[in-house]
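Each chain, letter by letter, is given below.
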Amino acid sequence: ALLRAPGRLQRLIERAWSQAALRSAQPAPAIVCARITQIHYKPFGRARVVVEAVLGCKAAERAQTQFLFINIYRSTERAREKYAQAAGAQALPSYGPAVALLEDFQAVAWSLPNGPKLDAIQYFLSAAKFRQFLAEHRRDLGFDDSFEVRPELIRYVPRKRALFRYAPGPTVYIKLYGPGEDKTAAANLALMTKAASEHLNFEPPRLLLHDALRRAVVMSEMPGAQLTSGCVNIVRALPAVAQALAGLHSSGIAPSTAWSPESEMAALSLAMTDVTSALPALAPSMDTLLAWIAALRRDLVFSETTPIHANLFGDQILIASNAVSIVDWDDLAAGDPLYDVGRLAAHLIYLSLCRNTDPASALRHLHILLGAYAKAVARPLDRQRLRWHIAIALLMRAKISALRALPAGWVAHIDETVKATARIMEDESEWLL
């Protein structure tokens, strides 16, 4: 909350950068403005913040953008220790000092590309090196020699992922991964690219290039607006989305990884530990919910295995006219098809709860989705399996959307989600009637 105070973040970084510059004999540029773009919060453990700073560089014709990764620790001593370790590392090019100590906030700030565990990001933040990358792969990417040189950093997940967008003509996305993860992501996207050319009734991104040396996967941009963005006529789109999911589940794609209910239960237990750490008053209700979910699991049989997206929510479904595109295939797996359906249903329910929209409208959307999917697969849906998937996905969505990012009203969002999940587990919810 203190970091969000107007002007405070800018002053904090400027002071820390100035102190770091004195130690490193490197100039610290003035900051025109700074804004938080991402927050990852783990209760009583750490907070990770990504900041976009606009710098007033006198030597440049226009202001420069510098991303910073701030890791907030549990104690000042721990922050000092981490700073001492980071300050001794070889610095990569950036507009200011590579690392600075924000002692008042028990934090260390890295100027990207100096963030830990994802050193390949420096290759794409360097104009000269990125130009070399384009020159090496221009035929695979369909570019001529007149390309621009700076991609836009869209997302940075500390220590794990980075996503760039490059739009000189044909727009592409470049996704960077941690060690080993790029191979799975590229293989999954190759499977989807091949399937799309044969029999899918929706469009996934096309795999354009896998650069194993830099752990980078380059893919095509898909057109359209996010299903749950508010820009889409969701009543018209949902039947096509249901058809797309049914098409995926009957496609015969053979993923290399498998989803299991046991792994889902383990992930839920871990995530809800964070929720009850942040909101101890919810612990009794959460214990009851987890016991109900575990008891229902013992009565379920997961006999149906199909290819599934395995990380589906509304933001990953793009709608353009009547065309459906689905993105982010990193978690493609073989598993229960109702897992995808339940996750999307849970996202619709969660948005209704936190946006305080008309319940009747949200209920209509959910019934359109479930009815259209049942019609597409030509059989009724297993209500108990679906109830189990929705309950888990609803709690996970609240943890990810509310707790991790801490938006305004996050406590109420989680509280309402827990109550809605309880009604689902009691089999008294309007959502499944």
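Description of the structure in this document. (Residues numbered from 1 in each chain as written. Predicted model: local features only at pLDDT ≥ 70, side-chain atom pairs only at ≥ 80, totals over all residues. Heavy atoms only, no water.)

Examining the packing of helix H8 (residues 283-299) against helix H11 (residues 383-403)
Rule in force here: Only the contacting stretch of a helix is used when fitting its axis, a line to C-alpha atoms as for every element, and angles between N-to-C directions run 0 to 180 degrees. Working definition: helices are DSSP H or I runs of at least four residues, strands are E runs of at least two. Numbering for both runs from the N terminus. In this scheme the handedness of a crossing depends on how the near helix is turned from the far one: anticlockwise by less than a right angle means left-handed, clockwise means right-handed. Should any heavy atoms of two residues lie within 4.5 Å, those residues are considered in contact. Amino acids outside the nonpolar list (Ala, Val, Leu, Ile, Met, Phe, Trp, Tyr, Cys, Pro) and the charged list (Asp, Glu, Lys, Arg) are all regarded as polar, and Gly is one of them.
Two numbers describe how H8 lies on H11: the axes approach to 10 Å, and their chain directions differ by 150 degrees. In the crossing of H8 with H11, the sense of the turn from one axis to the other is left-handed. Facing H8, whose interface residues are Met286, Leu289, Ile293, Leu296 and Arg297, H11 presents Gln384, Arg387, Trp388, Ala391, Ile392 and Leu395. Looking at the contact of H8 with H11 residue by residue, the class counts come to eight nonpolar, one polar and two charged.

Observations concerning the sheet that holds strand E10 (residues 216-220)
Counted only if it meets this: Pairing between two strands is assigned when DSSP locates at least 2 bridges connecting them.
As summarised here, the arrangement of the five strands in space is E6-E7-E8-E10-E9, forming an open sheet in which the pairing is antiparallel. Looking at the sheet topology across the chains shown, the edges are occupied by strand E6 (152-157) and strand E9 (207-211). Strand-to-strand, the axes of this sheet are offset by a mean angle of 15 degrees, without reference to chain direction. Sheet topology places E6 next to strand E7 (residues 161-166); five bridges connect them, and they run antiparallel. Within E7, the position partnered with leucine 153 by the bridge is phenylalanine 164. Sheet strands touched by helix H4 (residues 127-141): E7, strand E8 (172-176), E9 and E10. Its angle to E9, the strand with the most contacts, is close to 135 degrees.

Thoughts on helix H2 (residues 76-87)
The following threshold applies: The length a helix should cover is 1.5 Å for every residue beyond the first. Residue exposure (1.4 Å probe, protein chains only): buried if accessible area is under 20% of the type maximum, exposed if over 50%, otherwise partly exposed. The arc in question is formed by the directions pointing from the helix axis toward the C-beta atoms.
Counted at 1.5 Å a residue, the expected span for H2 with its 12 residues is 16 Å, and the 16 Å between its end C-alpha atoms agrees. Of all the positions in H2, only Thr76, Ala79, Tyr83 and Ala86 are classed as buried. Down the axis of H2, the smallest arc covering the buried residues is 90 degrees, so these residues share one side. Exposed and oriented more than 90 degrees from the buried face of H2 are Glu77 and Ala84.

Describing the side chain of lysine 175
Stated formally: Nitrogen and oxygen atoms within 3.5 Å of one another constitute a polar contact, given that in protein one can donate a hydrogen and the other can accept it, and given that sequence-neighbouring residues count only through two side-chain atoms.
Along the polypeptide, lysine 175 turns up in strand E8. Of the polar contacts made by the side chain of lysine 175, one reaches the side chain of aspartate 328; its length is 3.5 Å. Side chain to side chain, lysine 175 and aspartate 330 meet in a polar contact 2.8 Å long. Excluding its chain neighbours within four sequence positions, the residues that come into contact with lysine 175 are Arg161, Ala162, Leu163, Arg215, Ala216, Val217, Met219, Asp328 and Asp330.

Describing the packing of helix H9 (residues 337-355) against helix H12 (residues 410-425)
Worth spelling out the cut-off: Any angle that falls under 35 degrees is termed roughly parallel, while one over 145 is termed roughly antiparallel, one within 65 to 115 roughly perpendicular, and all others oblique.
Their axes nearest at 9 Å, the elements H9 and H12 cross at an angle of 135 degrees. Between H9 and H12, the interaxial angle falls into the category oblique. Crossing hand, H9 versus H12: right-handed. Contact residues: H9 offers Ile349, Tyr350, Leu353 and Cys354, while H12 offers His413, Glu416, Thr417, Ala420 and Ile424. The residue makeup of the contact of H9 with H12, split by class, is six nonpolar, two polar and one charged.

A look at H8
Side chains three or four residues apart in an α-helix point the same way, a direct result of the helix having 3.6 residues per turn. The end-to-end C-alpha distance of H8, which contains 17 residues, comes to 25 Å, matching closely the 24 Å that a straight helix rising 1.5 Å per residue would cover. Along H8, the positions that sit buried rather than exposed are Met286, Leu289, Ile293, Leu296 and Arg297. The arc that holds the buried residues of H8, viewed along the axis, is 105 degrees, so those residues lie on one side. Opposite the buried face of H8, by more than 90 degrees, sit the exposed residues Pro284, Asp287, Arg298 and Asp299. Looking at the packing, one finds that the buried side of H8 touches helix H7 (261-278), H11 and H12.

Re the sheet that holds strand E13 (residues 317-320)
Strand order in this open sheet of three strands is E11-E13-E14, and the pairing throughout is antiparallel. Each of the sheet's edge strands pairs with one partner strand only, and the pair in question is strand E11 (225-226) and strand E14 (323-326). With four bridges connecting them, E13 and E14 associate as antiparallel partners. Bridge pairing in E14 links isoleucine 317 to isoleucine 326. Relative to E14, helix H6 (residues 234-249) is tilted by about 55 degrees, and along the sheet it contacts E13 and E14.

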